[in-house]
Amino acid sequence: GENVEQHPSTLSVQEGDSAVIKCTYSDSASNYFPWYKQELGKGPQLIIDIRSNVGEKKDQRIAVTLNKTAKHFSLHITETQPEDSAVYFCAASIQGAQKLVFGQGTRLTINP
Amino acid sequence: DAGITQSPRHKVTETGTPVTLRCHQTENHRYMYWYRQDPGHGLRLIHYSYGVKDTDKGEVSDGYSVSRSKTEDFLLTLESATSSQTSVYFCAIFSGGNYGYTFGSGTRLTVV
């Protein structure tokens with residue numbers, strides 16, 4: 001089955017700097033890659049996703065890149081703000097299979 | 001989270017007792033999921049349902065059972081709770097389209 005590895009497990013950056021979180025997946029059939037943000041005491045919320053027919057997607061300060069050959073994808077957050085502090089999860093699935101496999105999570109801390 | 005409610009939010013139970021967690025949705029979605037969240041493991045799929053009375057196992061299903069007698073309710077039962085089942089449990093629905101998976105607010109279960 002699919003296996004998703006996420007790094008780093010913790011990340012601390014200065015406010016205004018960029019943050020990058022990386023994930024690798026094992027199943028070459030996976031074609032849907034969402035990212036979730038989890039704030040304290042809440043469930044994960046979808047912040048951006050990418051499908052395998054594109055290499056990059058942006059939404060304001062966040063972007064996701066996908067390298068299908070290497071089977072890895074990354075989340076990029078620019079101009080970080082204190083409200084970006086949270087746990088971020090990557091995930092992978094085969095669209096249509098309706099089952100997400102998650103990475104281990106990254107705790108991102110933005111230092112003022 | 002809009003459309004999905006988990007109950008209870010917190011529970012403390014004794015080893016060996018049965019426990020049932022409830023997930024309720026108001027949006028008539030076909031797919032529902034139970035995940036558990038543990039430090040260092042991210043979110044792991046326990047069981048999922050693709051319709052009334054249609055369920056299947058996830059990667060960590062041992063010690064858990066589920067039932068779905070109505071579209072709106074998905075129940076997770078720990079037949080005989082153990083300390084290793086102390087965790088935060090999340091229910092999710094697949095909303096489809098651009099919304100992907102929507103998670104509930106979670107149930108924090110402690111087995112003593």
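Structure: above.
This section reports on the structure supplied with the text. Think of each chain on its own: its residues are numbered from 1, step by step along the sequence as written. Here chains are named by letter from A upward and ligands by number from 1 upward, in the order in which they appear as written. Restriction of local features to residues with pLDDT of at least 70 applies here, the model being predicted, together with a cutoff of 80 or more for giving and counting side-chain atom pairs; totals for whole chains, interfaces and linings are based on all residues. The basis for the side-chain values is all heavy atoms of the structure; hydrogens and waters are excluded.

**Concerning the interface of chain A and chain B**
Whether two residues touch is decided by their heavy atoms; if any such pair falls within 4.5 Å, the residues are in contact. Across the boundary between the two partners, chain A contributes 17 residues, which contact 22 residues of chain B. Note: buried area is the sum, over both parts, of the accessible area (probe 1.4 Å) each one loses when the two are combined. Taken together, the two surfaces of chain A and chain B that pack against each other cover about 1,600 Å², and 54% of this comes from carbon and sulfur. On the chain A side of the interface with chain B, the three residues burying the most area are Gln98, Lys99 and Phe102 of chain A, jointly 35% of the side's total. Whenever Lys or Arg places a side-chain nitrogen within 4 Å of a carboxyl oxygen from Asp or Glu, that contact is recorded as a salt bridge. For the interface between chain A and chain B, the tally reads zero salt bridges. Within 3.5 Å is the distance limit for a polar contact, defined as a pair of N or O atoms, with the added protein rule that one can donate a hydrogen and the other accept it, and that residues adjacent in sequence qualify only through two side-chain atoms. The interface formed by chain A and chain B includes four residue pairs in polar contact (both at pLDDT 80 or more). Elements with a minimum of two residues in the side of chain A that touches chain B: strand E4 (32-38) and strand E5 (45-51) of chain A. Grouping the amino acids of the side of chain A that touches chain B by side-chain chemistry returns seven nonpolar, seven polar and three charged. Only DSSP runs of H or I covering at least 4 residues are called helices, and only runs of E covering at least 2 are called strands; the numbering of each starts at the N terminus. Amino acids outside the nonpolar list (Ala, Val, Leu, Ile, Met, Phe, Trp, Tyr, Cys, Pro) and the charged list (Asp, Glu, Lys, Arg) are all regarded as polar, and Gly is one of them.

**Structural notes on the pattern of salt bridges**
Per the stated rule, a full pass over the model turns up nine salt bridges over all chains. Close ionic contact of Lys37 of chain A with Glu39 of chain A constitutes a salt bridge, the shortest N to O distance being 3.6 Å. For Lys37 of chain A, a relative accessible area of 17% corresponds to the buried category. The salt bridge partner of Arg36 of chain B is Asp38 of chain B, with a shortest N-O separation of 2.8 Å. Here Arg36 of chain B falls in the buried class, since its relative accessible area comes to 8%. Among the ionic contacts, a cluster of salt bridges with common partners joins Lys37, Glu39 and Lys42 of chain A. We call a residue buried when its accessible area falls under 20% of the maximum for its residue type, exposed when it is over 50%, and partly exposed in between, using a 1.4 Å probe and counting protein chains only.

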